Amino acid sequence: MRKKMAAGNWKMNGTAGDLGEIDALMSSHSDPSVDILICPPATLISPMKTRIGDGAIHVGGQDCHIEQSGAHTGDISAGMLADAGASHVIVGHSECRADHGESNDDVRAKARAVWDQGLTAIICVGETLEQREASNTLDIIIGQLAGSIPDNATGHNLVVAYEPVWAIGTGKIPTLDQIGEVHDFIRARLERRFGSGVGRSVRLLYGGSVKPSNAAEIFDVSNVDGALVGGASLKSSDFSPIIAALEASL
Ligand code: PEP
């Protein structure tokens, strides 16, 4: 059985004054039946982890360099994220692919760097609106999965997030049928490449404008094992009902 996951991506938002959001999440979900992960800016990983203490919430990074150390001003390595308390690292987010010109090869090298530190990589894939309108969604997904996921994936070291670029931060989401079609397709591709045992054990998250009002219907879709949530993860008053919807879907 795949354990469901609610992951929050704070992006470049949050300072020390926002750490209190974690307290509210910890008190509402002290014994969660799903994995809860928050990926704050790197500056908050260590204080967030300290604040969580023995609590059940995991902390993750939003990106990392392919090397573990060296002359790369401004970058951060997977080892540094691990040292700060991260258990997961998002790689290949569409904002990184676009802002930093990241290729599938870059994403694969980052995922390897994450695995080298014993952490779990959340690898993001997803089509642009132009690609969807040209009916190229599944071809794009094939290329991103093949190019971005290293060999030797397992259900422990890999989570895949399907995030249509046009749904991120826009308030628009694909139809439930479209989400189901892509998630079923990703599952089939993973099974084909890694074998059915591993392919069935990797969690698939949907990401893009998930909110308290649409979470339950999205969590009902086949092969959706949870969500990667941006804007609605910043406030516990939004993220907590999304977690509750995931728990209710079990
Ligand atoms: C994201 O950035 O991964 C994301 C899904 O953002 P939002 O939920 O704000 O659309």
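Scoring rules and cut-offs
- Within any chain, residue numbers begin from 1 and follow the written order of that chain's sequence.
- The predicted nature of this model means local features are confined to residues of pLDDT at least 70 and side-chain atom pairs, given and counted, to a pLDDT of 80 or more, with totals for whole chains, interfaces and linings taken over all residues.
- To obtain the side-chain values, all non-hydrogen atoms of the structure were used and water was disregarded.
- One speaks of a salt bridge when a side-chain nitrogen belonging to Lys or Arg is within 4 Å of a carboxyl oxygen belonging to Asp or Glu.
- Only runs of H or I of at least four residues qualify as helices and only runs of E of at least two qualify as strands under DSSP, and these elements are numbered from the N terminus.
- In this scheme, a residue with accessible area under 20% of its type's maximum is buried, one over 50% is exposed, and one in between is partly exposed, where area comes from a 1.4 Å probe on protein chains only.
- Being near a molecule or strand, for a residue, comes down to having at least one heavy atom within 4 Å of it.
- Under the rule applied, a polar contact is a pair of N or O atoms within 3.5 Å (in protein, one hydrogen donor and one hydrogen acceptor; residues adjacent in sequence only if both atoms are side-chain atoms).
- Methods summary: accessible areas were calculated by the Shrake-Rupley approach with a probe of 1.4 Å, and residue burial reflects only the protein chains presented.
- In the scheme used here, Gly and all other residues not listed as nonpolar or charged are polar, with Ala, Val, Leu, Ile, Met, Phe, Trp, Tyr, Cys and Pro taken as nonpolar and Asp, Glu, Lys and Arg as charged.
- Two strands pair if DSSP finds at least two bridges between them.
- For helices, the fitted axis covers only the stretch in contact; all axes are lines through C-alpha atoms, and the angles between them, taken along N-to-C directions, range from 0 to 180 degrees.
- Whether two residues touch is decided by their heavy atoms; if any such pair falls within 4.5 Å, the residues are in contact.
- A clockwise course of the path from the first strand over the helix to the second, judged with the strands pointing away from the viewer, identifies a crossover as right-handed.
- Working note: the arc is built from the helix axis to C-beta atom directions.

A. Layout of the pattern of salt bridges. Here the structure, examined in full by the defined rule, presents 13 salt bridges. Ionic pairing is found between Lys 3 and Asp 35, a salt bridge with its closest N-O pair at 3.2 Å. You can see Lys 3 sitting in the segment before β1 (5-9) and its partner Asp 35 sitting in strand β2 (residues 35-39), a full 32 residues away along the chain. Note that Arg 200 and Glu 191 form a salt bridge whose closest N and O atoms lie 3.8 Å from each other. In this structure Glu 191 comes out as partly exposed when scored by relative accessible area, which is 24%. A cluster of three or more residues bridged by salt bridges with shared partners is formed by Arg 2, Arg 187 and Asp 225.

B. Geometry of the site of the ligand. Taken together, 14 residues are adjacent to the ligand, and Lys 11, Glu 163, Gly 169, Ser 209 and Gly 230 come closest. For the ligand, an oxygen atom lies 2.8 Å from a polar atom in the backbone of Gly 230. Against a free-state accessible area of 290 Å², the protein chains account for coverage of 95% of the ligand. Tallied by class, the residues present in the shell around the ligand amount to four nonpolar, eight polar and two charged.

C. Broad picture of the sheet that holds strand β7 (residues 203-207). The strand order around the closed barrel built from eight strands is β1-β2-β3-β4-β5-β6-β7-β8, with neighbouring strands paired in parallel fashion. Going across the sheet, the axis of each strand differs from the next one's by a mean of 25 degrees, ignoring polarity. Summarising the sheet, β1 and strand β8 (residues 226-229) pair through four bridges and their orientation is parallel. Residue pairing in the sheet places Ala 6 in a bridge with Ala 227 of β8. Along the sheet, helix α2 (residues 42-52) contacts β2 and β3 (58-61); its crossing angle with β3, the most-contacted strand, is approximately 175 degrees.

D. View of the pairing of strand β4 (residues 88-91). In β4, alternate side chains face the same way, and those of His 88 and Ile 90 on one face and Val 89 and Val 91 on the other are all buried. Relative to β4, β3 runs parallel, the two being bridged by two bridges. Pairing of Gly 60 across the sheet is with His 88, part of β4. Following the chain from β3 across helix α3 (residues 78-84) to the adjacent parallel β4, one finds a crossover that is right-handed.

E. Structural view of α2. Looking at α2, one finds that the buried residues are Leu 44, Ile 45, Met 48 and Ile 52. Down the axis of α2, the sector holding all buried residues measures 120 degrees, keeping them to one side. In α2, those exposed residues whose orientation departs by more than 90 degrees from the buried face are Thr 43 and Thr 50. Looking at the buried side of α2, the elements it contacts are α1 (20-28), β2, β3 and α3. Once α2 finishes, Gly 53 follows within two positions and takes phi at roughly 55 degrees, a positive value.

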